[in-house]
Amino acid sequence: MNVFKKCLKEQFGKSKYMSYVQMCEEEVLRNTYSRTKLEDKKIFKDMYEQLEEKNSEYIKERKELLAETLYLALQIGRKFFSVFIFYLVANIIILALGLDYTVTCVSVALMGACFIYKLVEFLSNKYCFIDAYLIMVYKTVLEKLSGKTANSQG
């Protein structure tokens, strides 16, 4: 459900992603994440090593994919309010129609299940500090590598 997690797992694999999460959690527990420069962190160095062998076209594709992921995360947040309003209005209409008890219950239950899915999607993308932090590091790595390849070509 979390688009950041999906993007990172796609790029680095599940086991590497889990090791990054563990590194990040250790930094947070030790309260060292704000004291050191981003480029000096283990996560940054590891991501950089993973990607520095890739060509400039690959880095460009990854930057575009990351931009799409960030846009998708933004859209999930922006669309949730309209999903919530739709859910409320639809429930009021279903209840006001005075349909058969079974039809009303099934309709409300199905809409509730859909709403819960959208709620979980919204919350998992809104409150994902670790994944947002990892995406920030990943974005910085990609920008540094794209700058490096641009400098070596020019």
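Here, every reference points to the structure presented above.
Sequence order sets the numbering: in each chain, residues are counted from 1 along the sequence as written. Owing to the predicted nature of the model, reporting of local features is limited to residues with pLDDT of at least 70; listing and counting of side-chain atom pairs is limited to 80 or more, with chain, interface and lining totals taken over all residues. Side-chain metrics in this entry use all non-hydrogen atoms of the structure; hydrogen atoms and water are not considered.

Caption draft 1: The packing of helix H1 (residues 3-12) against helix H4 (residues 56-97), seen in detail. In this analysis, axes come from line fits to C-alpha atoms, helices being fitted only over the stretch in contact, and the angle between any two N-to-C directions falls in the range 0 to 180 degrees. Each helix is a run of H or I in the DSSP string that is no shorter than four residues. Each strand is a run of E no shorter than two, and both are numbered from the N terminus. Following both chains from N to C, one finds H1 and H4 inclined at 160 degrees, their axes separated by 9 Å at the closest point. Comparing the axis directions of H1 and H4 gives the class roughly antiparallel. Seen from above, H1 lies across H4 with right-handed handedness. In this structure, H1 uses Val3, Phe4, Cys7, Glu10 and Gln11 to contact H4, whose residues at the interface are Tyr58, Arg62, Leu65, Leu66, Thr69, Leu70, Leu72, Ala73 and Ile76. Its residues assigned to classes, the contact of H1 with H4 comprises 10 nonpolar, two polar and two charged. For classification purposes, angles smaller than 35 degrees are called roughly parallel, those larger than 145 roughly antiparallel, those between 65 and 115 roughly perpendicular, and all remaining angles oblique. By the definition used in this description, the sense in which the near helix is turned from the far one sets the handedness, with an anticlockwise turn below a right angle giving left-handed and a clockwise turn giving right-handed. For this analysis, residues touch if any pair of their heavy atoms sits within 4.5 Å. Residues are grouped as follows: Ala, Val, Leu, Ile, Met, Phe, Trp, Tyr, Cys and Pro are nonpolar; Asp, Glu, Lys and Arg are charged; all remaining types, including Gly, are polar.

Caption draft 2: The arrangement of the nonpolar core in detail. In this structure, Leu8, Ile43, Met47, Leu51, Leu134, Tyr138 and Val141 are the most contacted members of the largest nonpolar core, which totals 28 residues. The set of elements that each furnish at least two residues to this core consists of H1, helix H2 (14-30), helix H3 (42-51), H4 and helix H6 (129-153). With eight residues, H6 is the largest single contributor of residues to this core. Not counting residues up to four positions away in its chain, the partners in contact with Met47 are Leu8, Phe12, Tyr20, Leu134, Val137, Tyr138 and Val141. By nonpolar core we mean a set of buried residues, namely Ala, Val, Leu, Ile, Met, Phe, Trp, Tyr and Cys, connected to one another through side-chain atoms within 4.5 Å. Exposed residues in this analysis have more than 50% of their type's maximum accessible area, buried residues have under 20%, and partly exposed residues fall in between, with area computed by a 1.4 Å probe over protein chains only.

Caption draft 3: Up close: H1. For H1, the full list of buried residues reads Val3, Phe4, Cys7, Leu8, Gln11 and Phe12. Taken down its axis, H1 places every buried residue within 145 degrees of arc, on the same side. Here a polar contact means two N or O atoms within 3.5 Å. Within protein one must be a hydrogen donor candidate and the other an acceptor candidate, and residues neighboring in sequence count only if both atoms are side-chain atoms. The opening residue of H1 is Asn2, an N-cap whose side-chain oxygen sits 2.8 Å from the backbone nitrogen of Phe4. Following H1 by one or two positions, Gly13 adopts a phi angle in the positive range, close to 95 degrees. In this description, the arc belongs to the directions extending from the helix axis to the C-beta atoms.

Caption draft 4: Representation of the pattern of salt bridges. Salt bridge criterion: a side-chain nitrogen from Lys or Arg within 4 Å of a carboxyl oxygen from Asp or Glu. Going through the model one piece at a time under the given rule, you end up with five salt bridges. Linking Glu10 and Arg62 is a salt bridge whose minimum nitrogen-to-oxygen distance equals 3.7 Å. Of the two residues, Glu10 sits in helix H1 while Arg62 sits in helix H4, which places them 52 residues apart along the sequence. The exposure class of Arg62 is buried, given its relative accessible area of 14%. In this structure, the salt-bridge partner of Lys16 is Asp46, at a minimum N-O distance of 3.0 Å. With Lys16 in helix H2 and Asp46 in helix H3, the pair connects residues that are 30 residues apart, well separated along the chain.

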